[in-house]
Each structure stands twice: as structure tokens, then as C-alpha cells.
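The chain contents come next:
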Amino acid sequence: MVVNENVNENVNKLVKDHAVNRPEKMRSSAEITARYNLSCKKYKELKAAKAEFREQKVMVYAELKVLGWVLGKSEQTISKDAN
């Protein structure tokens, strides 16, 4: 049927486009390092702020730890970089 063929073509095109341009693809080490440094800076700013941003600090620190682990950094190094 003509309608089924058009639907199949559209589905195949959508799957192919997603495989090429998916947002979940791996990041380069430069991108991870840049994000790690940005998280360190953000965490330091939140710590220095007079207002209490506990939830944001916890979220940024968690992201910082994951990025540090991806980069192969030890817990001590991540903690030192954060502070």
C-alpha cells in the first residue's frame, strides 16, 4: 500500500537522522574538562554567596564529582579542585 510505504520511508529517515544527530552522543575530553572547570567555578561562587543555596550546591557538586570520575580524577583531587 502506498500509505504504508510513505510511513516506512518517513520512519526510516527519522531513525537515520536520529542516529547521526542524537544529543546523547559521547562528549570529547576537551568538552568534559571545560564543563568540569565551569562546575568548579560555579561551586566556588555558590559557596561564597551569602544566601543559602544548599540544593544548588549539592547538584553542582554531584555533577562535579561525576565529571571528575569521567576524567579519571581521584576523590581528593576533585574535592581540592572544588574548594
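See the structure shown above.
Everything in this summary refers to the structure shown in the same document. For clarity, every value in this text was computed on a predicted model and none was experimentally measured.

**Considerations on the pattern of salt bridges**
1) Next: Tallied over the full model, the rule gives three salt bridges.
2) Next: Residue K73 pairs with D81 through a salt bridge whose shortest N-O separation is 3.9 Å.
3) Next: Given a relative accessible area of 24%, D81 falls into the partly exposed group.

**Remarks on the packing of helix α2 (residues 29-48) against helix α4 (residues 75-82)**
1) Next: One can describe the packing of α2 onto α4 by two numbers: an axis separation of 9 Å at closest approach and a directional angle of 55 degrees. Between α2 and α4, the crossing angle belongs to the class labelled oblique. The segment α2 lies against α4, with Y36, C40, Y43 and K44 engaging T77, I78, D81 and A82.
2) Next: Counted by class, the contact of α2 with α4 contains five nonpolar, one polar and two charged residues.

**Examining helix α3 (residues 54-70)**
1) Next: In this model α3 runs 24 Å from its N-terminal to its C-terminal C-alpha over 17 residues, within 8% of the 24 Å that 1.5 Å per residue would give.
2) Next: Listed as buried for α3 are V60, L64, L67 and G68. What you see down the axis of α3 is that its buried residues fit within an arc of 100 degrees, all on one side. Relative to its buried face, α3 has exposed residues pointing more than 90 degrees away, namely R54, E55, M59 and V70.
3) Next: On its buried side, α3 packs onto α2 and α4.
4) Next: Directly after α3, the chain includes G72, whose backbone phi takes a positive value near 85 degrees.

The rules behind these values
Residues numbered from 1 in each chain as written. Predicted model: local features only at pLDDT ≥ 70, side-chain atom pairs only at ≥ 80, totals over all residues. Heavy atoms only, no water. Salt bridge = Lys/Arg side-chain N within 4 Å of Asp/Glu carboxyl O. Buried < 20%, exposed > 50% of the residue type's maximum accessible area, 1.4 Å probe, protein only. Axes fitted to C-alpha atoms, helices over the stretch in contact; angles between N-to-C directions. Helix = DSSP H or I, 4+ residues; strand = E, 2+ residues; numbered from the N terminus. Parallel < 35°, antiparallel > 145°, perpendicular 65-115°, else oblique. Contact = heavy atoms within 4.5 Å. Nonpolar A, V, L, I, M, F, W, Y, C, P; charged D, E, K, R; others polar. Expected span 1.5 Å × (residues − 1). Arc of directions from axis to C-beta.

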